[in-house]
Amino acid sequence: MTNVQRHIQYLVASTDCVIIPGWGGLIACSTPARVDGGRFLPPSRTVVFNPALTHDDGILASSLCRREGISYDAARAEIASEVGAMHSAYDASGIVAIPRVGTFRRLSDSTMRFDADPTGVAGASYAALSPISLADLQPLAPASDSGIKIPRESIGKRMLRVAAFIAILLGLALTLSTPISVSLDRQADFAAVGSAPTHRRADMTAEPAIPATVKLIIAVPDSASSVVPTAARPAPEPKPEPDYYLIIGSLDSRAQAERWMARHSDTAIGIVERHGRYRVYAATGSSIEEASQLKSDPDFARRNPEAWVYRRR
């Protein structure tokens, strides 16, 4: 088994679509658990082939870059060599197999047929599950056969419980409906302005004593130091994360990535984490071409000859 085939196995087991540039795409299909013909079938996962998906999406090349520590261009060259060998073998014998994935066969009408490996990596996560015959399931025994008797509550206890509940409701209704007399004579006095005397409710018929002079002290802020509140600005919407990153370093931990980034501060602009790897990138973009533009800079290419493009997913 070749190096590229090992990466195809890994991607078939961990992703939903693997495109082999110049050959076609392997698409994973999942089936949920179901009942069929008196049997309970467990969930399953298999893979189908679409020869029309030949455009390079960069996933297979990125996998080689991460695992083998090679540049993106070197990974694409290795994939092209492997696909060329697959075409040669198919033209010579009419059959090409990828271990634990499936087999490609040429039919009599010159069309290609793909047969997925039933014990391959696509459905490995469900391999331990087996169908269950519903006829073998035994119904649960009724409660009366267990010998356990549940005592019934007597009618008298039920009536006492209902009567107690009604009495509680009546008491609550009586409490809420009883008016409460509030005497104004018992209210607390209110503080008067200045040194005016306080008055109770009994003295309210007399003329209230109003002080001749009331001195008001109002603090006016200095116009030069006053602050006029401004309308709150809406928080800016977060920018969406880019789809592609130009990677110049891949480390095992964030601390290592930050130290590596400090040593290459002239080109490194950030760190992206995925699947336990911390990658330092020098550029981003919405496509592989946009993210790779910096590689055309001679000075950058001289200092980062193994820079490669990573696709976030």
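Above: the structure in question.
Residues numbered from 1 in each chain as written. Predicted model: local features only at pLDDT ≥ 70, side-chain atom pairs only at ≥ 80, totals over all residues. Heavy atoms only, no water.

Peer 1: Even after reading the chapter, I still don't get the sheet that holds strand β5 (residues 44-50), so can you show me in this structure?
Peer 2: Whether parallel or antiparallel, the strands of a sheet pair through hydrogen bonds between backbone atoms. The 3 strands lie next to each other as β1-β2-β5, forming an open sheet whose pairing is antiparallel. Looking at the sheet topology across the chains shown, the edges are occupied by β1 (17-20) and β5. Across this sheet, the average inter-strand angle for adjacent strands is 20 degrees, counted without regard to direction. Sheet topology places β1 next to strand β2 (residues 24-31); 4 bridges connect them, and they run antiparallel. Along β2, the bridge assignment pairs V18 with L26. Packed onto the sheet, helix α1 (residues 3-14) meets β1, β2 and β5 and runs at close to 150 degrees relative to β1. (Pairing = 2+ DSSP bridges. Helix = DSSP H or I, 4+ residues; strand = E, 2+ residues; numbered from the N terminus. Axes fitted to C-alpha atoms, helices over the stretch in contact; angles between N-to-C directions. Contact = heavy atoms within 4.5 Å.)

Peer 1: Would you mind showing me how to read the pattern of salt bridges here?
Peer 2: Once their charged atoms are close, side chains differing in charge can pair, the charge on each being opposite to the other. Taken as a whole and judged by the stated rule, the model has 9 salt bridges. Where R45 meets D16, a salt bridge forms, and the shortest distance between an N and an O atom there is 3.8 Å. Of this pair, R45 sits in strand β5 while D16 is found in the loop between α1 and β1, placing the two residues 29 residues apart along the sequence. A salt bridge links D299 to R303; the shortest N-O distance between them is 2.9 Å. Taken as a pair, D299 and R303 lie in helix α7 (residues 298-303) at a separation of 4 residues, close to a single helical turn. The class for D299 is partly exposed, based on a relative accessible area of 34%. In this structure R303 comes out as partly exposed when scored by relative accessible area, which is 33%. (Salt bridge = Lys/Arg side-chain N within 4 Å of Asp/Glu carboxyl O. Buried < 20%, exposed > 50% of the residue type's maximum accessible area, 1.4 Å probe, protein only.)

Peer 1: Please explain unusual backbone geometry as it appears in this structure.
Peer 2: Trans peptide bonds make up the majority, and among non-glycine residues the majority have a negative phi. One non-glycine residue, R100, adopts positive backbone phi at about 60 degrees. When you line up the elements, R100 lands in the loop between β6 (95-98) and β7 (102-106). For S110, which is not glycine, the phi dihedral falls at a positive 70 degrees. Locating S110 in the fold gives a position in the loop between β7 and β8 (112-116). In this structure S110 comes out as exposed when scored by relative accessible area, which is 58%.

Peer 1: Would you mind showing me how to read the side chain of T267 here?
Peer 2: Tracing the sequence through the fold places T267 in the loop between α5 (254-263) and β11 (270-274). Setting aside residues up to four positions removed in sequence, T267 forms contacts with I248, Y281, A282, F300, R303 and N304.

Peer 1: Honestly, the packing of aromatic side chains in this entry has me stumped. Any pointers?
Peer 2: Aromatic ring pairs are defined here through the distance separating the ring centres and the angle between the ring planes. According to the stated counting rule, one finds 8 aromatic pairs in the structure shown. With a centroid separation of 5.3 Å and 85 degrees between ring planes, the pair formed by W23 and F104 is classed as edge-to-face. Of this pair, W23 sits in the loop between β1 and β2 while F104 sits in strand β7; the two residues are 81 residues apart in sequence, bridging distant segments of the chain. Both rings, one in Y245 and one in Y281, keep their centres 4.9 Å apart while their planes meet at 65 degrees; by these two values the pair is edge-to-face. Taken as a pair, Y245 in strand β10 (residues 244-251) and Y281 in strand β12 (residues 277-285) lie far apart in primary sequence, 36 residues in all. Residue class for Y281 comes out buried when judged on its relative accessible area of 14%. R106 extends its terminal NZ or CZ atom over the ring of Y90, reaching a point 5.3 Å from the ring centre. The residue whose ring lies beneath R279 is Y310, and the NZ or CZ to ring-centre distance is 4.7 Å. (Phe/Tyr/Trp six-rings, centres within 6.5 Å; stacked < 30°, edge-to-face > 60°. Lys NZ or Arg CZ within 6 Å of the ring centre and 35° of its normal.)

Everything listed here is a matter of geometry and, on its own, says nothing about what the molecule does.
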